Amino acid sequence: MPSRWSARREKFRAILSGSACIHPGSVHDPIAARIAEEVGFEAGIFAGSVASLTILGAPDLIVITLSEFADQALRINRGSELPLIVDADHGYGNALNVMRTVEELEIAGIAAMSIEDTELPQPYGKGGKPQLLSIEEGAGKMRAAVAARRDPDLAIFGRTSARSLAGLDDAIARARAYEAAGVDAMFVVGFNDAGDLAKLADAIRIPIVLGSGGAEMGDSAFLARHNVRVSLLGHQPFAASIQALYDTLKALRDGVDPKDLKGIAPKALVDRVTRAADYQSAQDDFLER
């Protein structure tokens, strides 16, 4: 029986199996997801770094917990119909923890998730330099993620930063191993060269999700030809919200009259993104007035 999340997962699966490259909107709460949906984004992305900032006000050091992350993902999903991709970091532990992560995030309604092969949290004595798991351990995590999935429409990405940390050959070897483990797409970071991307696309059959790239990676048509189906733009919306909050609070503290504040959302926009009309209709239907 289809769940309430089925339609959005099917919509995202259509993106993965299509021929175009989309850019997801970075979202962090229900309002952000509704705005991204309204302005036309085909999908949203809730990153681990943005989650840490939103929930803890902390940098991306993997101090957030799975339950905190899953709870916020659920809030985002219940607030909009936008297919949501989430960055589940390392799956919050070993392969068994990855299985629990898939279970919790599937229940939270996500459309897709990535599991990466970086050794996280930062281990003692490594000088702050990112380290990769062995390919064998990484592939084991991917197999565990796929095994834990109950809804076959939930998309699971293998993720690696190996291009920057270990070179192109290692990145391709990991992509092949994770494809063999059953992931639905390969999420890569550090591919800044068009030639490198072409070699990766030739080496695997599954779609590519591009986490970051140089200037020549900004051509959506080029990316689409090389089997990139999702390319991230970054997480500027959250940074913009920090600046807007800072400017507004500082202006008020400095004595600016509230009516003279700049950049305040009009009531019509606030009502629309909070679905005020729907709530008013429910009150009219179900509450004595």
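For the structure, see preceding data.
Draft legend 1. The arrangement of the overall build of the chain in detail. A count of helices and strands for the chain gives 13 helices and eight strands. Over its C-alpha atoms the chain spans a radius of gyration of 20 Å, differing by no more than 12% from the 19 Å that the globule rule assigns to 289 residues. Along the three orthogonal principal directions, the C-alpha set of the chain runs to about 65 × 50 × 40 Å. Looking at the chain as a whole, 46% of its 289 residues are labelled buried. Pairs at least 24 residues apart make up 67% of the contacts formed inside the chain by residues separated by at least 6 positions.

Draft legend 2. Structural view of the packing of aromatic side chains. Scanning the model with the defined rule gives three aromatic pairs in all. With a centroid separation of 6.1 Å and an interplanar angle of 45 degrees, the aromatic rings of phenylalanine 12 and phenylalanine 157 are classed as tilted. Residue phenylalanine 12 is found in helix α1 (residues 6–16), and its partner phenylalanine 157 is found in strand β5 (residues 155–160); the two are separated by 145 residues along the sequence. Phenylalanine 157 matches phenylalanine 12 in its accessibility class, with the two residues each being buried.

Draft legend 3. A look at the side chain of glutamate 116. You can see glutamate 116 is positioned in strand β4 (residues 112–116). One buried charged residue, glutamate 116, forms no salt bridge at all, with the nearest opposite charge on arginine 159 at 4.0 Å. For glutamate 116, the side chain forms a polar contact with the side chain of threonine 118, separated by 2.6 Å. In contact with glutamate 116, other than residues within four places in its own chain, are Asp87, Asp89, His90, Lys141, Met142 and Arg159.

Draft legend 4. Summary view of the sheet that holds strand β1 (residues 25–26). Pairing is parallel in the open sheet, where eight strands are placed in the order β1-β2-β3-β4-β5-β6-β7-β8. In the strand order of this sheet, the two ends are held by β1 and β8 (228–231), each with one partner. With three bridges connecting them, strand β6 (residues 185–188) and strand β7 (residues 208–210) associate as parallel partners. In the sheet register, phenylalanine 187 faces β7, and the bridge partner there is valine 209.

Draft legend 5. Quick peek at the environment of methionine 99. In this fold, methionine 99 is placed in helix α5 (residues 95–107). On the accessibility criterion, methionine 99 (31% relative accessible area) is partly exposed. Between the C-alpha atoms of methionine 99 and glycine 211, which are 112 residues apart in sequence, the distance is 23 Å.

Draft legend 6. Representation of α5 within the structure. With 13 residues, α5 should cover 18 Å at 1.5 Å per step; its first-to-last C-alpha distance of 19 Å lies within 8% of that length. For α5, the full list of buried residues reads Val98, Thr101, Val102, Leu105 and Glu106. For α5, the arc enclosing every buried residue in end-on projection is 120 degrees, short of the 170-degree limit, so these residues lie on one face. For α5, the exposed residues set more than 90 degrees away from the buried face come down to Leu96 and Ile107. Where α5 is buried, its residues touch α1, α4 (66–79), β3 (84–87), β4 and α6 (135–148). At the N-terminal boundary of α5, the capping side chain belongs to asparagine 94, with an oxygen 2.9 Å from the backbone nitrogen of leucine 96. Where α5 ends, the next residue or the one after it, glycine 109, has phi of about 95 degrees, a positive value.

Draft legend 7. Focus on the environment of histidine 23. You can see histidine 23 is positioned in the loop between α1 and β1. Separated by 65 residues in sequence, histidine 23 and alanine 88 place their C-alpha atoms 19 Å apart. The contact partners of histidine 23, leaving out residues within four places of it in the chain, are Phe41, Glu42, Ser220, Ser231 and Leu233. Polar contacts involving the side chain of histidine 23 include one to the side chain of serine 220, which spans 2.8 Å. A polar contact of 2.9 Å, which involves the side chain of histidine 23, links it to the backbone oxygen of serine 231.

Draft legend 8. Representation of the pairing of β4. Here β4 lies mainly inside the structure; five of its five residues are buried. Burial along β4 is two-sided: the face carrying Ala112, Ser114 and Glu116 and the face carrying Met113 and Ile115 are both buried. Alignment of β3 against β4, held across three bridges, turns out to be parallel. Across the sheet, aspartate 87 pairs through a bridge with serine 114, a residue of β4. Taken together, β3, α5 and β4 constitute a β-α-β crossover, and its handedness is right-handed. Where β4 and β5 come together, five bridges link them in parallel fashion. Bridging from a neighbouring strand, alanine 112 pairs with alanine 155 of β5. The parallel pair β4 and β5 is bridged by α6, and the resulting crossover is right-handed.

Draft legend 9. Region of interest: the nonpolar core. Counting 56 residues, the largest nonpolar core has Leu105 and Met113 as the members making the most contacts within it. Sort the elements by how many residues they give to this core and helix α8 (residues 168–181) lands first, with six residues. Leaving out residues up to four positions away in the same chain, leucine 105 has contacts with Phe69, Ala70, Ala73, Val86, Ala88, Ile110 and Met113. One finds Phe157, Phe187, Val189 and Val230 within the second-largest nonpolar core, a separate group that totals 17 residues.

Calculation rules
Residues numbered from 1 in each chain as written. Predicted model: local features only at pLDDT ≥ 70, side-chain atom pairs only at ≥ 80, totals over all residues. Heavy atoms only, no water. Helix = DSSP H or I, 4+ residues; strand = E, 2+ residues; numbered from the N terminus. Rg over C-alpha atoms; globule rule 2.2 N^0.38 Å. Buried < 20%, exposed > 50% of the residue type's maximum accessible area, 1.4 Å probe, protein only. Contact = heavy atoms within 4.5 Å. Phe/Tyr/Trp six-rings, centres within 6.5 Å; stacked < 30°, edge-to-face > 60°. Lys, Arg positive; Asp, Glu negative; His and termini not counted. Salt bridge = Lys/Arg side-chain N within 4 Å of Asp/Glu carboxyl O. Polar contact = N/O pair within 3.5 Å; in protein donor to acceptor, adjacent residues only side chain to side chain. Pairing = 2+ DSSP bridges. Expected span 1.5 Å × (residues − 1). Arc of directions from axis to C-beta. Right-handed = clockwise from strand over helix to strand, strands pointing away. Core = buried A, V, L, I, M, F, W, Y, C linked by side-chain atoms within 4.5 Å.

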